[in-house]
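Residue strings, one per chain:
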Amino acid sequence: MNTLLDDITAQLQGNNLSQISRQLGTDEATTKQAISMALPMLIGGLASEAETPSGAQSLDRALEEDHDGSVLDNVSTLFGPTTGAADVAVPRALDGEGILGHVFGGKREPVQQGIGRATGLNSHQVGRLMIMLAPLVMAYLGRRKRQTGATANDIGAELQRERREVERRAPDFGGILGQIFGGGGQDRPGIADDIARMAPNVLGKMFGGRP
C-alpha cells in the first residue's frame, strides 16, 4: 500500500495545485514547497496524538463520526474560497481550523511562521494552506479505516509508520517534530526559527518518495 504521504501529494498536483495557489495568491512552485513542509507537520502531529491509547481512541472516534472520506469524491471543494456567513457552522469533515487547533494547540502560530520564513509566504497564507490540507489528511485516514476495517490501534500504528517514513526522507524533520510535539501545549521559543533553519534540508524531499 502506498504511504499516506504519497497518496495525498498525488492529489496535490495539476489543477488542484493551481487552485490552491490561486487561493494563496502565490506561484505553484512556492505552494509546492509549503505543502512539502506543512503536510509532514500535520501527519507528525496526528502520529504524536495517536501514540497513547487515549489519543488513538480519540482520533479513531473522530474518524468514525466525522471523517468518512466522502470529501475525496470531490476533493477540489477543499481548495475553493471560504464562503458563507461567519455564524454558519462548518461541517466537521471540512473544519480545518478545528483540526489544526486540536493537532497543534498553542504551537500553531510558530509552525506557520516557520514554514512562512522558509518559503516566503506570510503566516496567513500558510494558515490558509493548512486549513485546506487538514481535512484532506483526515479524509484519507477515514477512508482507509473504512476500507480496511482498521481499529484505533491500527490507525495509530499506521501513523507511526508514516512518521518514520517522513523522518527517513528528511531526517531533520525528526528533531523538529520532537520539539513541536514533545510535551506541553505552549509555544517553545525558537520553533519558528528552527523550522526555517531546517527548511533547506527538507524542501523537495517529500514529493516523489525518495530523497
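Residues numbered from 1 in each chain as written. Predicted model: local features only at pLDDT ≥ 70, side-chain atom pairs only at ≥ 80, totals over all residues. Heavy atoms only, no water.

Draft legend 1. The arrangement of the packing of helix 3 (residues 28–49) against helix 7 (residues 123–148) in detail. Where helix 3 contacts helix 7, the axes come no closer than 10 Å and their chain directions differ by 50°. By the criterion of interaxial angle, the relationship of helix 3 to helix 7 is oblique. The way helix 3 lies across helix 7 gives a crossing that is right-handed. On helix 7, the residues touching Ala-34, Ile-35, Ala-38, Leu-39, Leu-42, Ile-43 and Leu-46 of helix 3 are Leu-129, Met-130, Leu-133, Ala-134, Val-137, Met-138 and Leu-141. Each residue belonging to the contact of helix 3 with helix 7 can be placed in one class, and the counts come to 14 nonpolar, no polar and no charged. (Axes fitted to C-alpha atoms, helices over the stretch in contact; angles between N-to-C directions. Helix = DSSP H or I, 4+ residues; strand = E, 2+ residues; numbered from the N terminus. Parallel < 35°, antiparallel > 145°, perpendicular 65-115°, else oblique. Left-handed = near helix turned anticlockwise from the far one by under 90°. Contact = heavy atoms within 4.5 Å. Nonpolar A, V, L, I, M, F, W, Y, C, P; charged D, E, K, R; others polar.)

Draft legend 2. Main features of the pattern of salt bridges. Summed over all chains, the structure comprises 13 salt bridges. Across the salt bridge formed by Arg-143 and Asp-73, the nearest N and O atoms sit 2.9 Å from each other. Of this pair, Arg-143 sits in helix 7 while Asp-73 sits in the loop between helix 4 (53–66) and helix 5 (96–104), and the two are 70 residues apart along the sequence. In this structure, the salt-bridge partner of Arg-169 is Glu-165, at a minimum N-O distance of 2.7 Å. With Arg-169 and Glu-165 both in helix 8 (residues 152–169) and 4 residues apart, this pair spans about one turn of that helix. (Salt bridge = Lys/Arg side-chain N within 4 Å of Asp/Glu carboxyl O.)

Draft legend 3. Structural view of the packing of aromatic side chains. In the structure shown here, the tally under the stated rule is 1 aromatic pair. Geometrically, the ring pair formed by Phe-104 and Phe-181 is tilted, given 5.6 Å between the ring centres and 35° between the ring planes. Residue Phe-104 is located in helix 5, and its partner Phe-181 is located in helix 9 (residues 172–181); the two are separated by 77 residues in the primary sequence. With a relative accessible area of 4%, Phe-104 lands in the buried category. Residue classification places Phe-181 among the buried residues on the basis of a relative accessible area of 19%. (Phe/Tyr/Trp six-rings, centres within 6.5 Å; stacked < 30°, edge-to-face > 60°. Buried < 20%, exposed > 50% of the residue type's maximum accessible area, 1.4 Å probe, protein only.)

Draft legend 4. Spotlight on the nonpolar core. Residues Met-41, Phe-104, Ile-115, Leu-136, Val-137, Leu-159 and Ile-195 are the most contacted members of the largest nonpolar core, which totals 63 residues. Beyond its immediate stretch of four places on either side in the chain, Ile-195 contacts Met-37, Met-41, Pro-110, Val-111, Gly-114, Ile-115, Ile-176 and Ile-180. (Core = buried A, V, L, I, M, F, W, Y, C linked by side-chain atoms within 4.5 Å.)

Draft legend 5. Highlighting helix 7. When the terminal C-alpha atoms of helix 7 are compared, their 37 Å separation across 26 residues agrees well with the 38 Å that a helix rising 1.5 Å per residue should span. Of all the 26 residues making up helix 7, 20 are buried; the element is thus mostly covered by neighbouring parts of the structure. Here helix 7 starts with a cap whose side-chain oxygen sits 3.1 Å from the backbone nitrogen of His-124, and that cap is Asn-122. Trailing helix 7 by a residue or two, Gly-149 shows a phi angle of about 70°, which is positive. (Expected span 1.5 Å × (residues − 1). Polar contact = N/O pair within 3.5 Å; in protein donor to acceptor, adjacent residues only side chain to side chain.)

Taken by themselves, the reported measurements are silent on function.
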